[in-house]
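Close look at the chain arrangement
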Amino acid sequence: FSKYSQLGKRNLLQKVFQNITLQTGKKVKYVNLAPGEKTDEIKKVLNLLSLAKIYTPVFHSSGNSVPLRGYMNEKIQKILMLDVGLVNSVLGYSYDDFITISNEELFSLGNICEQFIGQHLLYSGNSYEEPELYYWVREKSQSSAEVDYLVSQGAKVIPVEVKAGKAGRLKSLHSFLLEKQFSFALRFNSNLPMLQETKFSLPNTDGTFHLLSLPVYMVEEVKRCMQEINQ
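Below you will find a few notes about this structure. Please read these numbers as outputs of a predicted model, since none were measured by experiment.

**Topic: the environment of N111**
Residue placement: N111 occurs in helix α7 (residues 110-122). A C-alpha to C-alpha distance of 26 Å links N111 and H210, two positions 99 residues apart in sequence. Sequence-distant contacts of N111, defined by excluding residues within four places in its chain, comprise T24 and L91.

**Points about the layout of surface pockets**
In this structure, the largest pocket encloses a volume near 610 Å³. As for the largest pocket, its lining consists of 27 residues, of which G125, E129, E132, S152 and K223 are closest to the centre. Taken together, the elements giving at least two residues each to the lining of the largest pocket come down to α7, β4 (145-153) and α9 (222-230). In terms of residue count, the dominant contributor to the lining of the largest pocket is β4 (four residues).

**Side note on the packing of aromatic side chains**
If you walk through the whole model with that rule in mind, you get three aromatic pairs. The interplanar angle of 35° and the centroid separation of 5.1 Å between the aromatic rings of F200 and F209 together place this pair among those described as tilted. Comparing F200 with F209, the two get one shared label, buried.

**Regarding the sheet that holds strand β2 (residues 72-81)**
Two strands in a sheet stick together by hydrogen bonds in their backbones, pointing the same way (parallel) or opposite ways (antiparallel). Here we have eight strands laid out as an open sheet, ordered β2-β1-β3-β4-β5-β6-β8-β7, and mixed in their pairing. If you trace the sheet from one side to the other, it starts and ends with β2 and β7 (194-199), each paired once. Going from strand to strand, the sheet's axes swing by 35° on average, the running direction of each strand aside. Bridging between strand β1 (residues 55-61) and strand β3 (residues 134-138) involves two bridges; their strand directions are parallel. Each bridged residue has a counterpart across the sheet, and for H60 the counterpart in β3 is Y135. Those strands touched by α9 are β4, β5 (156-162), β6 (184-189), β7 and β8 (208-215), and its axis lies near 145° from that of β8.

**A short note on helix α8 (residues 171-180)**
Of all ten residues making up α8, seven are buried, and the element is well covered by its neighbours. Each element contacted by the buried residues of α8 is listed here: β3, β4, β5, β6, β7 and β8. Q181 sits one or two residues past α8 and shows a positive phi near 60°.

What counts, and where the lines are drawn
- Residues numbered from 1 in each chain as written.
- Predicted model: local features only at pLDDT ≥ 70, side-chain atom pairs only at ≥ 80, totals over all residues.
- Heavy atoms only, no water.
- Helix = DSSP H or I, 4+ residues; strand = E, 2+ residues; numbered from the N terminus.
- Contact = heavy atoms within 4.5 Å.
- 1 Å grid on protein atoms, 1.4 Å probe; cavity = no way out; pocket = protein on both sides within 12 Å on 5 of 7 lines; lining within 4 Å.
- Points joined across faces, edges and corners; volume = space filled by probe spheres on them.
- Phe/Tyr/Trp six-rings, centres within 6.5 Å; stacked < 30°, edge-to-face > 60°.
- Buried < 20%, exposed > 50% of the residue type's maximum accessible area, 1.4 Å probe, protein only.
- Pairing = 2+ DSSP bridges.
- Axes fitted to C-alpha atoms, helices over the stretch in contact; angles between N-to-C directions.

In structure tokens form, the structure reads like this:
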């Protein structure tokens, strides 16, 4: 980019690149990416960075059914960077910072864990398919909710949460499952692998769903685990 772009666009590219890294895992708000710049110019720069695979837009999908792309809203997206190591470098984290902290402290860096899980889920499909990943968000006053990622397993939509510690509240996940009437969800945390029947915790609701909890390092085994569960 710096070799072939004009100085003004080069400066805007550098500014947006720095700021999308800071906004990893968050909904895109153009004012946060380049304050004072025109939205159309920021969109053009984001498109260049996306085409270069420096970042991948994770679009909102209502998640009603598969394919998730059929229920996508391109106006709502959050940021997934190319690689968690590059994110750490831009944010100023070193290897020593990570080998000296506990699992609970690691999960407190929510954007780092979400980035790690997201990049693995993004490329977990077949090599001949264009990688894509989605999430779900409901932005209503007093009833907002967000599920970190949505993936598909056959004809099923699977909501995915990345949560701190061994417990972590799952209010948004419960809301999504109840709204869509789905019965299976996936969670990454610091637990040992576990499949459990879980009661809905929202007021005035009954019923249960199956929750598969996996430690972060097992993200590459997700498809195998879900296939074995469905057999």
